[in-house]
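Structure assessment
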Amino acid sequence: MMQREDPVWMITGCSTGFGRELAREVLARGWRAVVTARDPARVADLVALAPERALALRLDVSDPAEVAAAVDAAQRRFGRIDALVNNAGYGYLAAIEEGEDEAVRAMFETNVFGLVEATKAVLPGMRARRSGLIVNLSSIGGLTAFAATGYYHATKFAVEGLSESLALEVRPLGIDVMIVEPGPFRTNWAGPSIQESALRIDDYAATAGARRSQTHARSGNQAGDPQRGARAIVDAALAERPPLHLLLGGLAVDAARAKIEALRADIDAWETTSRGADFPTASA
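Axis separation between helix 4 (residues 101–129) and helix 5 (residues 150–170) bottoms out at 9 Å; the angle between their running directions is 15 degrees. As the angle between them shows, helix 4 and helix 5 are arranged roughly parallel. Relative to helix 5, the crossing made by helix 4 is right-handed. For the pair formed by helix 4 and helix 5, the contact residues are V104, M107, F108, N111, V112, L115, V116, T119 and L123 on the first element and Y151, Y152, A154, T155, K156, A158, V159, L162, L166 and V170 on the second. For the contact of helix 4 with helix 5, the per-class residue count stands at 15 nonpolar, three polar and one charged.

Set out below in structure tokens:
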């Protein structure tokens, strides 16, 4: 469980979106915040809200040395880290066949391996205190998939699996894990932050190509409010038992339920075949 009295939050990717709004929310509640970004100048305004309670640090989570240095600096300034929010990440648009290896690997370095590096850096302190909270920003795209974002989904499906295993490992040590799964929100994800392959294959125009266009068109018009989303994350973090999965936004709830129903339909339709793959029982 996270320390409730004057907790220290460390948040990655605070330049825009959920990271920025979470930093605002944490500081508004009178707590302390380690506000990180690849360019600390972009979060100077956040630190100015409460200079005595905020610390801006340069952090590119894909650089292990920067992760170690940032965690060390945070602990030297505030003495501990009670909650880590692994928010840094971005998306990539491409049909699977259109994907560019270097770009895909770079996204995995940030979305998956950077998250792991930051988590491993804060866990020793949390284990020693037998308290803490790890918040991993996934996506509804970590539970279900769409055309054109397959590589992004792969990173978020990885975050889901890692987080579920982590939760089992650290819960007995007094540490909670919460996976946040937003639907479409008015962040920069679908706008300036999105990357995409230069290659376009005509055969995918009606699937991946159409979704590329839809993604760009909806940027700035999504239903999700980042400020309300940040408040929901902090409220859930304060629960006696934070949820392992926290969906954000009505579209995320609807998509998750549709995925559950589709999975249930396949399980039910193919149950006999599935069970038939076992060795016969002695009574058979």
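Once you've had a look at it, read on.
What follows concerns the pattern of salt bridges. This structure, assessed with the given rule, holds 17 salt bridges. Its salt-bridge partner being R212, residue E196 comes within 2.9 Å of it at the nearest N-O pair. Here E196, found in strand 8 (residues 195–196), pairs with R212, found in helix 6 (residues 205–218); they are 16 residues apart in sequence, far enough to count as distant. On the basis of relative accessible area, R212 is assigned to the buried category, the value being 1%. Note that R264 is salt-bridged to E261, the shortest N-O span being 2.6 Å. Taken together, the residues span about one helical turn, with R264 and E261 both in helix 8 (residues 250–269) at a distance of three residues. The partly exposed category is assigned to R264, whose relative accessible area is 40%.

Turning next to the nonpolar core. Membership of the largest hydrophobic core comes to 33 residues, with the highest contact counts inside it found for W9, I11, V135, M178, V180 and I233. Other than its neighbours up to four places away in sequence, W9 contacts M2, V26, W31, R32, A33, V34, A83, V85, V234 and A237. By size, the runner-up hydrophobic cluster in this structure holds 25 residues, among which are V34, L55, V67 and M126.

Here the focus is unusual backbone geometry. Positive phi values are uncommon outside glycine, yet R130 reaches one of about 55 degrees. Mapping R130 onto the fold places it in the loop between helix 4 and strand 6 (132–137). Of note in the backbone geometry, A148 takes a positive phi value of approximately 80 degrees without being a glycine. Classification of A148 by relative accessible area gives buried; the value is 4%.

Scanning the model with the defined rule gives four aromatic pairs in all. Ring centres of W9 and W31 lie 6.1 Å apart, and the angle between their planes is 5 degrees; this geometry places the pair in the stacked category. Taken together, the residues span a long stretch of sequence, with W9 in strand 1 (residues 8–11) and W31 in the loop between helix 1 (17–28) and strand 2 (32–37) at a distance of 22 residues. The buried category is assigned to W9, whose relative accessible area is 0%.

What counts and what doesn't
Residues numbered from 1 in each chain as written. Predicted model: local features only at pLDDT ≥ 70, side-chain atom pairs only at ≥ 80, totals over all residues. Heavy atoms only, no water. Axes fitted to C-alpha atoms, helices over the stretch in contact; angles between N-to-C directions. Helix = DSSP H or I, 4+ residues; strand = E, 2+ residues; numbered from the N terminus. Parallel < 35°, antiparallel > 145°, perpendicular 65-115°, else oblique. Left-handed = near helix turned anticlockwise from the far one by under 90°. Contact = heavy atoms within 4.5 Å. Nonpolar A, V, L, I, M, F, W, Y, C, P; charged D, E, K, R; others polar. Salt bridge = Lys/Arg side-chain N within 4 Å of Asp/Glu carboxyl O. Buried < 20%, exposed > 50% of the residue type's maximum accessible area, 1.4 Å probe, protein only. Core = buried A, V, L, I, M, F, W, Y, C linked by side-chain atoms within 4.5 Å. Phe/Tyr/Trp six-rings, centres within 6.5 Å; stacked < 30°, edge-to-face > 60°.

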